[in-house]
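Each chain, written out:
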Amino acid sequence: MPTDFKRNENIITLSVASKNGRYCTHDGYYFHMATMGRNAVITAAKELHPFLKEWIKDKQGCHLFDIPNLLILEKELNIHGYTLTETYHMFLSSQHKEPKKNYPVKWFYDKEIVEFYGDKRFPNAICDKYYENRPDRIVVCAYDDDKIMGMAGCSEDAMNWQQIGIDVMPEYRSKGVGTYLVTLLKNKIEQKGDIPFYGTDIANYHSWNIALNSGFCPAWVEIGVNKMK
């Protein structure tokens, strides 16, 4: 529940499938944790709950993301055949911005995006293929004549929640292309009445600056797991 993040104590819930939930895999979450800076809200398989109740005891939610605490969690997860992902730092729109650049662009929607699947230039802007539970909805590309300078795209990770990703070709970086495209796409999503959000790694400050310059602000941090190979 949204109100869970307004509480002071950490919260552990049972992981269950949700029709309107945000899932990045077709499976339910074995473990997933998020914080908005106060407490932490965890959803996990029932077998993890006894460990987690001890692990969170007397700890502030945001500090559960500190490396010493994550190492303890990782050790327990390995016993069950899972390993932690990286932490994802997520942003929500905080203000309207108008693009400061003016590059030629072309828009693509839904099925029109299929032509870009498999193109290794765009690992962040779009998914590697079509996913029913988080379909790519909109793509905008900036062009230098007929050459793509960069691409911003959004996937609908939950109903009416559009996550933005950006890829800029190496020769066009540091020219404002990323901020331009993300700002355009953010505005388009808001015009449609949907919620744009943006995620990046903890140390990717180039990506952080794109988010901030496009009118986003930090909102929450999350971490999940993958099955061990």
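Remember, it's a predicted structure, so these values are computed and weren't measured experimentally.

S.K.: Please explain the packing of aromatic side chains as it appears in this structure.
M.R.: How two aromatic rings sit relative to each other is set out by the distance from centre to centre and by the angle between their planes. Under the counting rule described, the total for this entry stands at eleven aromatic pairs. Between Y30 and Y82, the ring centres sit 4.0 Å apart and the planes meet at 5 degrees, which makes this aromatic pair stacked. Here the residue Y30 occupies a position in the loop between strand 1 (11-14) and strand 2 (31-35), and Y82 occupies one in strand 4 (residues 82-84), the gap between them amounting to 52 residues. Each member of the pair, Y30 as well as Y82, carries the same accessibility label: buried. Feature note: the residues F91, Y198, Y205, W208 and F216 constitute an aromatic cluster, connected by ring pairs. Across from the ring centre of Y131, 4.7 Å away, lies the NZ or CZ of R134, which sits over that ring. Here the guanidinium or amino end of K188 rests over the ring plane of W107, the centre of that ring lying 4.5 Å away.

S.K.: Even after reading the chapter, I still don't get the state of the cysteines, so can you show me in this structure?
M.R.: When the sulfur atoms of two cysteines share a covalent bond, that bond is a disulfide. All chains considered together, the criterion is met by zero disulfides. You can see C62 has no disulfide; the closest cysteine sulfur is in C217, sitting 17 Å from it. Left without a disulfide partner, C141 is nearest to the cysteine sulfur of C154, which lies 12 Å away.

S.K.: I'm lost on helix 4 (residues 205-213) in this one. Help?
M.R.: Given 3.6 residues to a turn, an α-helix orients residues that are three or four positions apart in the same direction. Those residues of helix 4 not exposed but buried are S207, W208, I210 and A211. Projection of helix 4 onto a plane perpendicular to its axis shows the buried side chains occupying an angular sector of 160 degrees, all on one side. Backbone geometry just after helix 4 places G215 at a positive phi near 100 degrees.

S.K.: Can you walk me through the side chain of E74 in this structure?
M.R.: Among the secondary structure elements, E74 is positioned in helix 2 (residues 67-79). Of the polar contacts made by the side chain of E74, one reaches the backbone nitrogen of L84; its length is 2.8 Å. Each residue touching E74, except ones within four places of it in the same chain, is listed here: T83 and L84.

S.K.: Can you walk me through the pattern of salt bridges in this structure?
M.R.: Where charged atoms from two side chains of opposite charge approach closely, those side chains can pair. Inspection of the entire model under this criterion finds eight salt bridges. Here E9 and R7 are joined by a salt bridge, their closest N and O atoms 2.6 Å apart. Between R137 and D110 there is a salt bridge, and its shortest N-O distance comes to 3.3 Å. Of the two residues, R137 is situated in strand 7 (residues 136-144) and D110 in the loop between strand 6 (105-109) and strand 7; the sequence distance between them amounts to 27 residues. For D110, a relative accessible area of 39% gives the class partly exposed.

S.K.: Quick question: what am I supposed to make of unusual backbone geometry here?
M.R.: Apart from glycine, the bulk of residues carry a negative phi angle, and the bulk of peptide bonds sit in the trans form. Unusually for a residue other than glycine, D145 sits at a positive phi of about 60 degrees. Looking at the secondary structure, you find D145 in the loop between strand 7 and strand 8 (147-158). One non-glycine residue with positive phi stands out, namely S174, at about 65 degrees. By secondary structure assignment, the location of S174 is in the loop between strand 9 (161-168) and helix 3 (177-191).

S.K.: Would you explain helix 2 in this entry?
M.R.: Taking 1.5 Å per residue as the helical rise, helix 2 with its 13 residues ought to reach 18 Å, and the 19 Å between its terminal C-alpha atoms agrees with that figure. Residues of helix 2 that are buried include every one of N69, L70, L73, E74, E76 and L77, and no others. Buried residues of helix 2 fall within an arc of 165 degrees about the axis and therefore sit on the same side. Exposed residues lying more than 90 degrees from the buried face of helix 2 are I67, P68, L71, K75 and I79. On the buried face of helix 2, the contacting elements are strand 2, helix 1 (49-55), strand 4 and strand 11 (216-227).

S.K.: I'm lost on the environment of V177 in this one. Help?
M.R.: Its place among the elements puts V177 in helix 3. Residue class for V177 comes out buried when judged on its relative accessible area of 1%. As for V177 and V105, which are separated by 72 residues in sequence, their C-alpha atoms are 11 Å apart. Ignoring sequence-local partners within four residues, the contact set of V177 consists of Y103, A142, M149, G150, V168 and Y172.

About the criteria used
Residues numbered from 1 in each chain as written. Predicted model: local features only at pLDDT ≥ 70, side-chain atom pairs only at ≥ 80, totals over all residues. Heavy atoms only, no water. Phe/Tyr/Trp six-rings, centres within 6.5 Å; stacked < 30°, edge-to-face > 60°. Helix = DSSP H or I, 4+ residues; strand = E, 2+ residues; numbered from the N terminus. Buried < 20%, exposed > 50% of the residue type's maximum accessible area, 1.4 Å probe, protein only. Lys NZ or Arg CZ within 6 Å of the ring centre and 35° of its normal. Disulfide = S-S within 2.5 Å. Arc of directions from axis to C-beta. Polar contact = N/O pair within 3.5 Å; in protein donor to acceptor, adjacent residues only side chain to side chain. Contact = heavy atoms within 4.5 Å. Salt bridge = Lys/Arg side-chain N within 4 Å of Asp/Glu carboxyl O. Expected span 1.5 Å × (residues − 1).

Function-wise, these values are silent; they only describe arrangement.
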